[in-house]
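Inside the fold
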Amino acid sequence: AASDLPIWEEIYRQAFPSFAAMIDHRQDGEHQRAGIDRSVILQNSKQILIDEKVRGRNKKTGMVYDDILLEYWSNFEAKTPGWVCKPLRADFIAYAIVPLGKCYLLPVIQLQIAWERCGEWWIDYYKPKSAPNRSSYGGQYTTVSVGVPVKDVFREIGGALRVTFQPTE
């Protein structure tokens, strides 16, 4: 249902000024298995691959959180890594907090570098959140995530874009 929200075109038109089109990949297939929900096509024919995440109100409290819930176990019982640390083909995670009207575009490579550098600390400091789930075949599994403030995530993404090296003459 989140794929049908009218927000996506508005988000992508603002984020990518040369936006030309977008393609929904929600049907089961190679794109879904690669973590790609949508492709954005720019006017120069460049294709940007996006994994979309939607966050709403907390079902128990009704609260809206302005942090980024980083999933590091997709299936805790099977030890299946979550999207913040598993290999993805997506270029960006589009993380929309619908009640706030905000979407954070997280570059996957730099986000995963940030997770590699800071994930353990974030888990210790911000405390994990578990969510029970039911699979399509009736089995149960648990996803585990940690909510990290936006400023912390983007500071570390920025750090992943900077490389120091031994200067030469």
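Read on for an overview of the structure. Keep in mind that what you see is a predicted model, and the values were worked out from it rather than measured. (Residues numbered from 1 in each chain as written. Predicted model: local features only at pLDDT ≥ 70, side-chain atom pairs only at ≥ 80, totals over all residues. Heavy atoms only, no water.)

This part is about the overall build of the protein chain. On a plain count of helices and strands, the protein chain comes out with 4 helices and 9 strands. For the protein chain, the α and β elements follow one another from N to C terminus as α-β-α-β-β-β-β-β-β-α-β-β-α. Compactness check: the protein chain gives a C-alpha radius of gyration of 17 Å against a globular reference of 15 Å for 169 residues, within 12% of the reference. Each principal axis of the C-alpha distribution contributes one length, and for the protein chain these read about 60 × 40 × 30 Å. By residue count, 39% of the 169 residues in the protein chain fall in the buried class. (Helix = DSSP H or I, 4+ residues; strand = E, 2+ residues; numbered from the N terminus. Rg over C-alpha atoms; globule rule 2.2 N^0.38 Å. Buried < 20%, exposed > 50% of the residue type's maximum accessible area, 1.4 Å probe, protein only.)

Right, let's talk about unusual backbone geometry for a bit. Even without a glycine there, the phi angle at S45 is positive, about 80°. Among the structural elements, S45 can be located in the loop between β2 (38–42) and β3 (47–55).

This model, assessed by the stated rule, comprises 0 disulfides. Not engaged in a disulfide, the cysteine C118 finds its nearest cysteine sulfur in C85; these two sulfurs lie 14 Å apart. (Disulfide = S-S within 2.5 Å.)

Here we take up the pattern of salt bridges. One pass over the structure, following the stated rule, counts 9 salt bridges. R13 serves as the salt-bridge partner of E9, at 2.8 Å between the closest nitrogen and oxygen. Pair noted here: E9 and R13 are both in helix α1 (residues 7–15), with a separation of 4 residues, about one helical turn. Judged by relative accessible area, which is 34%, E9 ranks as partly exposed. K151 is the partner of D152 in a salt bridge, and the nearest nitrogen-oxygen pair spans 3.1 Å. Given the relative accessible area of 59%, K151 is considered exposed. Taken together, the shared-partner salt bridges connect K151, D152, R155 and E156 into one network. (Salt bridge = Lys/Arg side-chain N within 4 Å of Asp/Glu carboxyl O.)

Hydrogen bonding along the main chain pairs the strands of a sheet, whether they run parallel or antiparallel. Ordered by their spatial adjacency, 4 strands build an open sheet running β5-β4-β9-β8, and the pairing between neighbours is antiparallel. Unpaired on one side and paired on the other, β5 (80–81) and β8 (128–134) mark the two borders of the sheet. Inspection of the sheet shows strand β4 (residues 67–75) paired to strand β9 (residues 140–149) by 6 bridges, in the antiparallel sense. Bridge pairing in β9 places L69 opposite G147. Seen against the sheet, helix α3 (residues 108–126) touches β4, β8 and β9 and runs at an angle of roughly 95° to β9. (Pairing = 2+ DSSP bridges. Contact = heavy atoms within 4.5 Å. Axes fitted to C-alpha atoms, helices over the stretch in contact; angles between N-to-C directions.)

A word on the pairing of β8. Here β8 runs beside β9; their pairing, made up of 7 bridges, is antiparallel. The partner of P128 across the bridge, within β9, is V146. What sits between β8 and β9 in their antiparallel hairpin is a turn of 5 residues, with G138 showing a positive phi close to 95°.

It is the contact of α3 with helix α4 (residues 150–160), at a shortest axis distance of 8 Å, that shows an interaxial angle of 140°. With respect to each other, α3 and α4 are oriented oblique. For the element pair α3 and α4, the recorded crossing hand is right-handed. On α4, the residues that touch Q110, L111, I113, A114, R117, C118, W122 and Y126 of α3 are D152, V153, E156, I157, G159 and A160. (Parallel < 35°, antiparallel > 145°, perpendicular 65-115°, else oblique. Left-handed = near helix turned anticlockwise from the far one by under 90°.)

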